[in-house]
Amino acid sequence: MFRVPPRTAKPLRLIQGLLALCGLVWLLGACGPKGGVGAGGATDLDSAQFYQGLRTRIDSLERVLAEDSLGLSGRSAPLDTLAAVCLNLATNFPRDAYAPLALWKAAQACRTMGAYQEAIACGKALAEAYPEHTLAPSALFFNALVMNDDLKVPESAAFYLDEILEKYPGDSLAEQARAMKELVGLDEQELLRRLKPVH
């Protein structure tokens with residue numbers, strides 16, 4: 001089981017809760033009325049304002065992160081908030097064109113925080129919910145990297161690489177997936193030996 005450092009436990013619990021909520025809302029959204037958030041009693045104006053508020057918050061958080069990319073300000077980076085807001089948008093507006101990008105941003109924020117299981121869940125949600133989106137192969141490749149590099153689970157990394165090769169053989173990432181699959185799980189010495197140029 002993934003252990004959470006004490007200072008990040010509360011934000012990660014929020015993200016885990018949002019991921020669970022995302023699955024439930026996604027299921028309800030697929031089975032429910034076609035009006036999205038506005039169909040459940042809220043007006044279309046309420047939904048539009050809520051959506052715009054989420055988008056504004058995402059943009060604001062990304063600006064803060066970009067301005068302090070080296071962590072020099074002394075304040076904690078709002079990665080956990082960015083992940084939560086992105087998941088909120090993807091959950092409440094799954095049919096919106098921005099939802100896959102929101103999941104992608106949440107996945108990257110989670111990985112940066114060291115919340116690897118949550119990052120993988122976001123990547124998986126993106127690839128499964130939006131298989132035709134241009135980010136779907138990238139999400140699978142991202143999951144392979146997290147599994148291999150961060151969690152050291154080469155079998156799972158190989159699974160995601162196989163998914164790319166099977167579902168997206170013509171994608172530009174297919175060649176990289178094929179090459180990476182040959183290197184997944186190798187120890188550092190074997191990797192260096194294979195990558196060493198032959199003279």
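Just so we're clear, the structure is a prediction, and the values are computed from it rather than from any experiment.

J.: Sorry, what's going on with the overall build of the protein chain here?
T.: Secondary structure assignment for the protein chain yields 9 helices and 0 strands. The order of helices and strands in the protein chain, counted from the N terminus, is α-α-α-α-α-α-α-α-α. Considering the protein chain as a whole, with its 199 residues, one finds that 38% of them fall into the buried category. The long-range fraction of contacts in the protein chain, counting pairs at least 24 apart against all pairs at least 6 apart in sequence, stands at 58%. Summed over its atoms, the accessible surface of the protein chain is roughly 11700 Å², and 57% of this surface lies on carbon and sulfur atoms.

J.: Any chance you could explain the pattern of salt bridges here in plain terms?
T.: Where charged atoms of side chains with opposite charge meet at close range, the side chains can pair. The final tally for this structure, using the stated rule, is 7 salt bridges. In this structure, Lys105 engages Glu62 in a salt bridge whose closest nitrogen and oxygen atoms are separated by 2.9 Å. Of this pair, Lys105 sits in helix α4 (residues 99-113) while Glu62 sits in helix α2 (residues 44-67); the two residues are 43 residues apart in sequence, bridging distant segments of the chain.

J.: Got a minute to help me understand the packing of helix α6 (residues 136-150) against helix α7 (residues 154-167) in this structure?
T.: The relative placement of two packed helices comes down to the angle between their axes together with the axis-to-axis distance. In contact at an axis separation of 7 Å, α6 and α7 are set at 165 degrees when each is read in the N-to-C sense. With respect to each other, α6 and α7 are oriented roughly antiparallel. As for the relative orientation of α6 and α7, their crossing is left-handed in sense. Contact residues: α6 offers Pro137, Leu140, Phe141, Asn143, Ala144, Met147 and Asn148, while α7 offers Pro154, Ser156, Ala157, Tyr160, Leu161, Glu163 and Ile164. A breakdown of the residues in the contact of α6 with α7 according to their chemical character gives 10 nonpolar, 3 polar and 1 charged.

J.: Could you clarify how one ought to interpret the nonpolar core in this entry?
T.: Side chains that are nonpolar tend, in soluble globular proteins, to be buried together. In this structure, Ile58, Leu82, Leu89, Leu126, Phe141 and Leu161 are the most contacted members of the largest nonpolar core, which totals 48 residues. Setting aside residues up to four positions removed in sequence, Leu126 forms contacts with Pro100, Leu103, Trp104, Pro131, Leu135, Ala136 and Ala139.

J.: Mind showing me how you'd approach α4 here?
T.: For an α-helix, 3.6 residues make a turn, and residues three or four places apart therefore share a direction. Under the 1.5 Å per step criterion, the end-to-end length of α4 is 21 Å for 15 residues, consistent within 8% with the ideal 21 Å. Looking at α4, one finds that the buried residues are Ala99, Pro100, Ala102, Leu103, Trp104, Lys105, Ala106, Ala107, Ala109 and Cys110. Of the residues one or two after α4, Gly114 is the one with positive phi, at around 90 degrees.

J.: So what exactly am I meant to see when it comes to helix α5 (residues 116-129) here?
T.: Here α5 spans 20 Å end to end across 14 residues, near enough to the 20 Å set by a 1.5 Å rise per residue. Every buried residue belonging to α5 is among Glu118, Ala119, Ile120, Cys122, Gly123, Leu126 and Ala127, and all of these are buried.

J.: So what exactly am I meant to see when it comes to the packing of α4 against α6 here?
T.: Taken N-terminus to C-terminus, the directions of α4 and α6 make an angle of 10 degrees; their axes are 11 Å apart at the nearest point. Taken together, the axes of α4 and α6 lie roughly parallel to each other. Contacts between α4 and α6 pair Trp104, Ala107, Gln108 and Arg111 from the former with Ser138, Ala139, Phe142, Leu145, Val146, Asp149 and Asp150 from the latter. Partitioning the contact of α4 with α6 into residue classes produces 6 nonpolar, 2 polar and 3 charged.

J.: Would you explain the confidence of the model for the protein chain in this entry?
T.: The predicted coordinates of low-pLDDT regions are not to be read in fine detail. Here the protein chain averages 81 in pLDDT, and 74% of its residues register 70 or above. Per-element confidence in the protein chain is highest for α7, whose mean pLDDT is 98, and lowest for helix α1 (residues 9-31), whose mean pLDDT is 46. Below a pLDDT of 50 lies the segment residues 1-10, which in the model reaches 7 contacts outside its immediate sequence neighbourhood of four places, other chains included. Scored below 50 in pLDDT, residues 24-40 shows 18 contacts in the model against residues more than four places distant or in partner chains.

J.: Teacher, can you tell me more about the side chain of Asn148 here?
T.: Checked against the element boundaries, Asn148 lands in helix α6. Here the side chain of Asn148 touches Asp149 through a polar contact of 3.1 Å, side chain to side chain. Once residues within four sequence positions are removed from consideration, Asn148 is found in contact with Pro154, Ala157, Met180, Val184 and Gly185.

Reading guide: rules and limits
- Residues numbered from 1 in each chain as written.
- Predicted model: local features only at pLDDT ≥ 70, side-chain atom pairs only at ≥ 80, totals over all residues.
- Heavy atoms only, no water.
- Helix = DSSP H or I, 4+ residues; strand = E, 2+ residues; numbered from the N terminus.
- Buried < 20%, exposed > 50% of the residue type's maximum accessible area, 1.4 Å probe, protein only.
- Contact = heavy atoms within 4.5 Å.
- Areas by Shrake-Rupley, 256 points an atom, 1.4 Å probe, with all protein chains shown as cover.
- Salt bridge = Lys/Arg side-chain N within 4 Å of Asp/Glu carboxyl O.
- Axes fitted to C-alpha atoms, helices over the stretch in contact; angles between N-to-C directions.
- Parallel < 35°, antiparallel > 145°, perpendicular 65-115°, else oblique.
- Left-handed = near helix turned anticlockwise from the far one by under 90°.
- Nonpolar A, V, L, I, M, F, W, Y, C, P; charged D, E, K, R; others polar.
- Core = buried A, V, L, I, M, F, W, Y, C linked by side-chain atoms within 4.5 Å.
- Expected span 1.5 Å × (residues − 1).
- pLDDT = per-residue confidence, 0-100.
- Polar contact = N/O pair within 3.5 Å; in protein donor to acceptor, adjacent residues only side chain to side chain.

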